[in-house]
Amino acid sequence: MSTGALAGVSMLPANAKPLASAVQDDVPIPGSVDKALNIWDLKAMAKERLTEGHFAHIVGGAADEITVRWNREGFDKIRLRPKVLIDPTQIDTSTILFGQKLAYPVLLGPTGGHRSTHPDGELATARGAGHANATMVLSTVSSTAIEEVVKVATQPIWFQLYVMRDRPFTRDLVLRAQAAGATALCVTVDTATTGPRNRQTRGRQRGLPSGGRGLPLLQGMKRSTSVESDIFSTSRDPNLTWKDIEWLRSFTQVPLLLKGILDSADAERAIQEGVDGLIVSNHGGRNLDTSQATIEALPEIVEKVDGRIPVLIDGGIRRGTDIFKALALGAKAVLIGRPYRYGLAAGGAPGVSRVLEILRRELEMTMASTGRTSIAQIDRSVFWS
Ligand SMILES: Cc1cc2nc3c(=O)[nH]c(=O)nc-3n(C[C@H](O)[C@H](O)[C@H](O)COP(=O)(O)O)c2cc1C
């Protein structure tokens, strides 16, 4: 990670400054993304700027996209209880995760191929994240090499691993990510197969481009020439079992999280296997359609885990109130996927910063209106029932 705060941040205007507390320091980032008042505005801007195929790739889910909808509806259903006559002026959104201080509990989740959304790809994302003091999780299917990303990053970079059929290559990839400076490893366990991503496929059938510009982290990897069934990838290993988690732990020196846990028995097993953290996720509704909404799966996982390891969540987070609800149900932090891809499409690094700024500011507003001035004060008593 480079140390000079904004050194090399070519995408950001010269007079832009790092985000401090949005409540006290409400200085907009110059440029068009500034006009975006919420994530939906940035989604509309992304739709305008991207080709139909590229937009479909980001926005789409599996099959009928019911889980995509449920992820949102799960948050909308929860009612909050406001609290009045409490001094809300000193709000502290910071929290500690794996010994790392987060300015606010939002990370950029792993999504592949950022160059399909913006020419500067993951470099723009890392700069935007750095500007907004947020950690970014870099995908295995990144369109930029991790060493390049780390060079421009001013905040920690985590690495997301898809375990590949080529196991020696997978091992080397983890070692490479660690050597480059990744501070945590998120092993995605929910993608033995993707779902039928009809929206994306239809776009491709109609000749709409959706891909990125190559996958530098996968260069030199052996692909399988014949696979068990055409539902499986020639590169990602569908045959990933708990034994492999033990194998990964044997050479991983950073905290190891499993991404894609929805079932509490799996959560318990993960703890028994010595995993350091969990990400409650249904891959943004892109794999198993009609799988449970993440916010609805969270309570039973938190109950089972009972504070032994941190539980994070992603899926459908679009508002500060969503973050607040996830924290109240026991999540330590949240990750976002599509929202920052909208920001990236809309305006590169400042667009990514803008997404984070909006969410942080909305979280602060929610905390102020519910009389919670620190993250530790956010518990289930914030709910109506
Ligand atoms: C365009 C796109 C690409 C994604 N690529 C990956 C990936 O490479 N690895 C992974 O573990 N998850 C991937 N995901 C899933 C996200 O990490 C995350 O679970 C999901 O987007 C969260 O839901 P949200 O988009 O509603 O915030 C991707 C999601 C999107 C939208």
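Going by the structure above, here's the rest.
Here goes a summary of the coordinates provided. (Residues numbered from 1 in each chain as written. Predicted model: local features only at pLDDT ≥ 70, side-chain atom pairs only at ≥ 80, totals over all residues.)

1. Quick notes on the overall build of the protein
- Helix and strand content of the protein: twelve helices and ten strands.
- Expected size for 385 residues packed as a compact globule is a radius of gyration near 21 Å; at 20 Å, the protein falls within 12% of this value.
- Burial analysis of the protein (385 residues in total) assigns 51% to the buried set.
- The contacts in the protein between residues at least 6 apart in sequence include a share of 74% that link residues at least 24 apart. (Helix = DSSP H or I, 4+ residues; strand = E, 2+ residues; numbered from the N terminus. Rg over C-alpha atoms; globule rule 2.2 N^0.38 Å. Buried ≥ 20, exposed ≤ 12 C-beta atoms within 10 Å, placed from the backbone. Contact = placed C-beta atoms within 7 Å.)

2. Re the packing of helix 1 (residues 39-49) against helix 12 (residues 338-369)
- For the pair helix 1 and helix 12, interaxial distance at closest approach is 10 Å and the crossing angle is 170 degrees. Judged by the inter-axis angle, helix 1 sits roughly antiparallel to helix 12. Two packed elements cross with a definite hand, and for helix 1 against helix 12 that hand is right-handed. Taken together, the residues of helix 12 that come into contact with helix 1 (itself represented by I39, L42, K43, M45, A46 and R49) are P339, Y342, G343, A345, A346, G351, R354, V355 and I358. (Axes fitted to C-alpha atoms, helices over the stretch in contact; angles between N-to-C directions. Parallel < 35°, antiparallel > 145°, perpendicular 65-115°, else oblique. Left-handed = near helix turned anticlockwise from the far one by under 90°.)

3. A closer look at the pairing of strand 10 (residues 333-336)
- Of the two faces of strand 10, the one carrying A333 and L335 and the one carrying V334 and I336 are both buried.
- When strand 9 (residues 311-314) meets strand 10, the two strands line up parallel, connected through three bridges. Along strand 10, the bridge assignment pairs I313 with V334.
- Each parallel crossover has a hand, and the one from strand 9 via helix 11 (residues 320-328) to strand 10 is right-handed. (Pairing = 2+ DSSP bridges. Right-handed = clockwise from strand over helix to strand, strands pointing away.)

4. Remarks on the site of the ligand
- Taken together, the neighbourhood of the ligand is formed by 24 residues, with T111, S139, G284, G337 and R338 sitting nearest.
- Classifying every residue of the shell around the ligand gives five nonpolar, 14 polar and five charged. (Near = placed C-beta within 6 Å. Nonpolar A, V, L, I, M, F, W, Y, C, P; charged D, E, K, R; others polar.)

5. A short note on helix 12
- Relative to the 46 Å expected for 32 residues at 1.5 Å per residue, helix 12 spans just 27 Å between its end C-alpha atoms, considerably shorter than the ideal helical length.
- At G347, helix 12 shows its largest bend, some 140 degrees, and a proline, P350, comes one to four positions later.
- With 28 of 32 residues buried, helix 12 lies mostly within the body of the structure.
- The positive-phi residue at the C-terminal boundary of helix 12 is G371, with phi of around 70 degrees. (Expected span 1.5 Å × (residues − 1). Bend = angle between axes of the 7 residues up to and from the residue.)

6. As for unusual backbone geometry
- Phi angles above zero are rare outside glycine, and F98 is one such case at about 50 degrees.
- Within the secondary structure, F98 is located in the loop between strand 1 (95-97) and strand 2 (100-102).
- In this structure, H283 is a non-glycine residue whose phi angle is positive, near 60 degrees.
- Looking at the element boundaries, H283 is found in the loop between strand 8 (277-280) and helix 10 (294-305).
- In this structure H283 comes out as buried when scored by C-beta crowding, with 24 C-beta atoms within 10 Å.

7. Some words on the nonpolar core
- Judged by nonpolar contacts, the single largest core of 99 residues is most densely connected at L278 and V334.
- Among the elements that make up this core, the one with the highest residue count is helix 12 (13 residues).
- Discounting chain neighbours no more than four positions away, the residues touching V334 are P105, V106, L312, I313, D314, I317, I323 and A326. (Core = buried A, V, L, I, M, F, W, Y, C linked by C-beta atoms within 7 Å.)

8. Section: the environment of R72
- Among the structural elements, R72 can be located in helix 3 (residues 66-76).
- R72 sits 223 residues away from I295 along the chain, and the two C-alpha atoms are 8.9 Å apart.

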